[in-house]
Amino acid sequence: MNKKNKTLGEFIIENQAAFQYSSGELSKLINAIRLAAKVVNHEVNKAGLVDILGTAGEMNIQGENQQKLDVLANEKFIQTLKNREIVCGIASEEEDDFISINSNDEKHRNKYVVLIDPLDGSTNIDVNVSVGTIFSVYRRITPVGTPVTLEDFLQPGKNQVAAGYIIYGTSTMLVYTTGHGVNGFTLNPAIGTFYLSHPDMQFPESGKIYSVNEGNYIHFHQGVKDYIKYCQKEEGDRPYTSRYIGSLVSDFHRNMIKGGIYMYPKSSITENGKLRLLYECNPMAFLAEQANGLAIGGRSRILDVKPEELHQRIPFFCGSRKMVEKLQEFLQKYQ
Ligand code: P6P
């Protein structure tokens, strides 16, 4: 069969054997995410037509106004994962604390924990700009058969067994890795099936796109300022193009296809940057490295960082290998 006509379901089954998803639980988990993605996609696509735009009148732990679609996406993913007894715990950007999921027989036999940003970039919803769901999967480290603990969620990103995103854009795509490369599947909405459209996705080694909110420029540390000026200088293959959608999933996806670097630095007003380590940076860093890119928090590799708390933030620089390495040269001048 032509590789590109394969459905996500066929791909999962084929790789179940290849990737030693021993019990098939991880396959079932990816299938559950596939189902939730279709449900959320349906809601996102009609967001302008029904009263689910705007704020839900609640504030999340980040101190951000929860968008109605944020809350809906969060509920759909949690409900889908809970109902299938695949995971023993879920953490979400929209939930203050993690959720422990007891199997019906109360034996806590499920061995995976999932962390999600159910709708990243949600401030873009009301202006019809693409948004995304980000997910990250770990094997629990506390004994199976006992209730899940915070320790199961505070694992370094290098322990992830799977990670991915759904991008609700001009088309809806599910892009994920289980540690054996990155593959992208496009949803055919007419029949509700994801097809393998982007096999073996790879960051170009370099690129000409830099993505950063330049409105914060005056607050950036000098190394980042110097790198941005380097991108803008007329020299060699520069100036680069500035592209910033304000939706991590969308900026990451474009840069992975075309080549580029995404930056959310710390600054004098956000000492740890804005992005959350556990359910934004770690999954995107796992994908980046699986696609031959790089992801750093400044000095260190994102995937090596030992998390201290569920919603901690971290500076984030991610994309084409040579662009991130050049940025590191500028950062190291001031460290
Ligand atoms: P700013 C969305 O809220 C998000 O977490 C990322 O998706 C996005 O890249 C970033 O924040 C945008 O933040 O401060 O530039 O608006």
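Computed from a predicted model, the values in this text were never measured in an experiment.

Each value, and the rule that gives it
Residues numbered from 1 in each chain as written. Predicted model: local features only at pLDDT ≥ 70, side-chain atom pairs only at ≥ 80, totals over all residues. Heavy atoms only, no water. Buried < 20%, exposed > 50% of the residue type's maximum accessible area, 1.4 Å probe, protein only. Helix = DSSP H or I, 4+ residues; strand = E, 2+ residues; numbered from the N terminus. Pairing = 2+ DSSP bridges. Near = heavy atom within 4 Å. Polar contact = N/O pair within 3.5 Å; in protein donor to acceptor, adjacent residues only side chain to side chain. Areas by Shrake-Rupley, 256 points an atom, 1.4 Å probe, with all protein chains shown as cover. UniProt positions renumbered as here; feature names shortened; annotations may be inferred. Contact = heavy atoms within 4.5 Å. Phe/Tyr/Trp six-rings, centres within 6.5 Å; stacked < 30°, edge-to-face > 60°. Lys NZ or Arg CZ within 6 Å of the ring centre and 35° of its normal. Domains from an automatic or database assignment. Buried area = accessible area lost by both parts, 1.4 Å probe. Salt bridge = Lys/Arg side-chain N within 4 Å of Asp/Glu carboxyl O. Nonpolar A, V, L, I, M, F, W, Y, C, P; charged D, E, K, R; others polar. Core = buried A, V, L, I, M, F, W, Y, C linked by side-chain atoms within 4.5 Å.

1. Some words on the pairing of strand E6 (residues 131–139)
Link 1 in the chain: Among the 9 residues that make up E6, 8 are buried, leaving the element largely enclosed by the rest of the structure.
Link 2 in the chain: Relative to strand E7 (residues 162–168), E6 runs antiparallel, the two being bridged by 7 bridges. Looking across to E7, one finds that Gly 132 is bridged to Ile 167.

2. Quick notes on the site of the ligand
Link 1 in the chain: The full set of residues close to the ligand is Asp 120, Gly 121, Asn 213, Tyr 244, Gly 246, Ser 247, Leu 248, Tyr 262, Tyr 264, Lys 274, Leu 275 and Glu 280.
Link 2 in the chain: Contact distances for the ligand include 2.6 Å between an oxygen atom and a side-chain N or O atom of Tyr 244.
Link 3 in the chain: Within the side chain of Glu 280, one N or O atom sits 3.2 Å away from an oxygen atom of the ligand.
Link 4 in the chain: Look at the ligand: alone it shows 400 Å² of surface, and the protein chains cover 82% of it.

3. Re the UniProt feature "binding site: Mg(2+) 2" (unreviewed entry) in the chain
Link 1 in the chain: The UniProt feature table records "binding site: Mg(2+) 2" (unreviewed entry) at Asp 117, Asp 120 and Glu 280. For the residues just named, distributed over 164 residues, the greatest C-alpha separation is only 8.4 Å, placing them together at one site.
Link 2 in the chain: If you trace the backbone, Asp 120 turns up in strand E5 (residues 112–120).
Link 3 in the chain: The residues touching Asp 120, leaving out its near neighbours within four places in the chain, are Val 131, Gly 132, Ile 134, Ser 247, Leu 248, Val 249 and Glu 280.
Link 4 in the chain: Here Glu 280 is to be found in helix H6 (residues 277–290).
Link 5 in the chain: The residues contacting Glu 280, other than those within four sequence positions of it, are Asp 117, Asp 120, Ile 134, Leu 248 and Leu 275.
Link 6 in the chain: Only 2.8 Å separates the side chain of Glu 280 from the backbone nitrogen of Arg 276, close enough to count as a polar contact.

4. Digging into the environment of Glu 280
Link 1 in the chain: Judged by its relative accessible area of 1%, Glu 280 is buried.
Link 2 in the chain: Residues Glu 280 and Ser 136 lie 144 residues apart in sequence; the distance between their C-alpha atoms is 8.5 Å.

5. Some details on the packing of aromatic side chains
Link 1 in the chain: Scanning all chains against the criterion turns up 11 aromatic pairs.
Link 2 in the chain: On the basis of an interplanar angle of 70° and a centroid distance of 5.0 Å, the ring pair of Phe 11 and Phe 185 is categorised as edge-to-face. Of this pair, Phe 11 sits in helix H1 (residues 8–18) while Phe 185 sits in strand E9 (residues 182–188), placing them 174 residues apart in sequence. The burial state of Phe 11 is the same as that of Phe 185; both residues are buried.
Link 3 in the chain: Ring plane angle 80° and centroid distance 5.9 Å describe the contact between Tyr 165 and Phe 252, whose orientation is recorded as edge-to-face. Of the two residues, Tyr 165 sits in strand E7 while Phe 252 sits in helix H5 (residues 248–258), which places them 87 residues apart along the sequence. Here Tyr 165 and Phe 252 have matching classes, each one buried.
Link 4 in the chain: Taken together, the ring pairs connect Phe 11, Tyr 176 and Phe 185 into an aromatic cluster.
Link 5 in the chain: If you follow Lys 229 out to its NZ or CZ, it ends over the ring of Tyr 217, 5.1 Å from the centre.

6. Focus: the domain arrangement of the chain
Link 1 in the chain: Looking at the chain, the domain boundaries give domain 1 (3–198) and domain 2 (209–332).
Link 2 in the chain: Opposite the 49 residues of domain 1 that make contact, domain 2 presents 33 residues.
Link 3 in the chain: Counting each side, the surface lost to burial between domain 1 and domain 2 is near 2,900 Å², with a carbon and sulfur contribution of 63%.
Link 4 in the chain: For the pair domain 1 and domain 2, the interface holds 2 salt bridges.
Link 5 in the chain: Linking domain 1 to domain 2 there are 14 residue pairs in polar contact (both at pLDDT 80 or more).
Link 6 in the chain: Of all the secondary structure elements, the ones that give two or more residues to the side of domain 1 that touches domain 2 are strand E3 (87–92), E5, E6, E7 and strand E8 (172–177).
Link 7 in the chain: Looking at the side of domain 1 that touches domain 2, its residues break down into 24 nonpolar, 17 polar and 8 charged.

7. A word on the nonpolar core
Link 1 in the chain: Core analysis: the biggest nonpolar cluster contains 42 residues, and Leu 29, Val 87, Leu 119, Val 137 and Tyr 176 have the highest contact counts within it.
Link 2 in the chain: For Leu 29, the residues in contact, after removing those within four places along its chain, are Leu 81, Ile 86, Val 87, Tyr 112, Val 114 and Val 137.
Link 3 in the chain: Among the nonpolar cores identified, the runner-up in size contains 31 residues, and Met 201, Phe 252, Leu 275 and Ile 302 belong to it.

8. Side note on the pattern of salt bridges
Link 1 in the chain: Under the definition given, this model contains 12 salt bridges.
Link 2 in the chain: Residues Asp 251 and Arg 254 are paired through a salt bridge, measuring 3.1 Å at the closest nitrogen-oxygen approach. Of this pair, Asp 251 and Arg 254 both sit in helix H5, 3 residues apart, which is roughly one turn of the helix. As far as the burial class goes, Asp 251 and Arg 254 line up, both buried.
Link 3 in the chain: Between Asp 304 and Arg 301 there is a salt bridge, and its shortest N-O distance comes to 2.8 Å.

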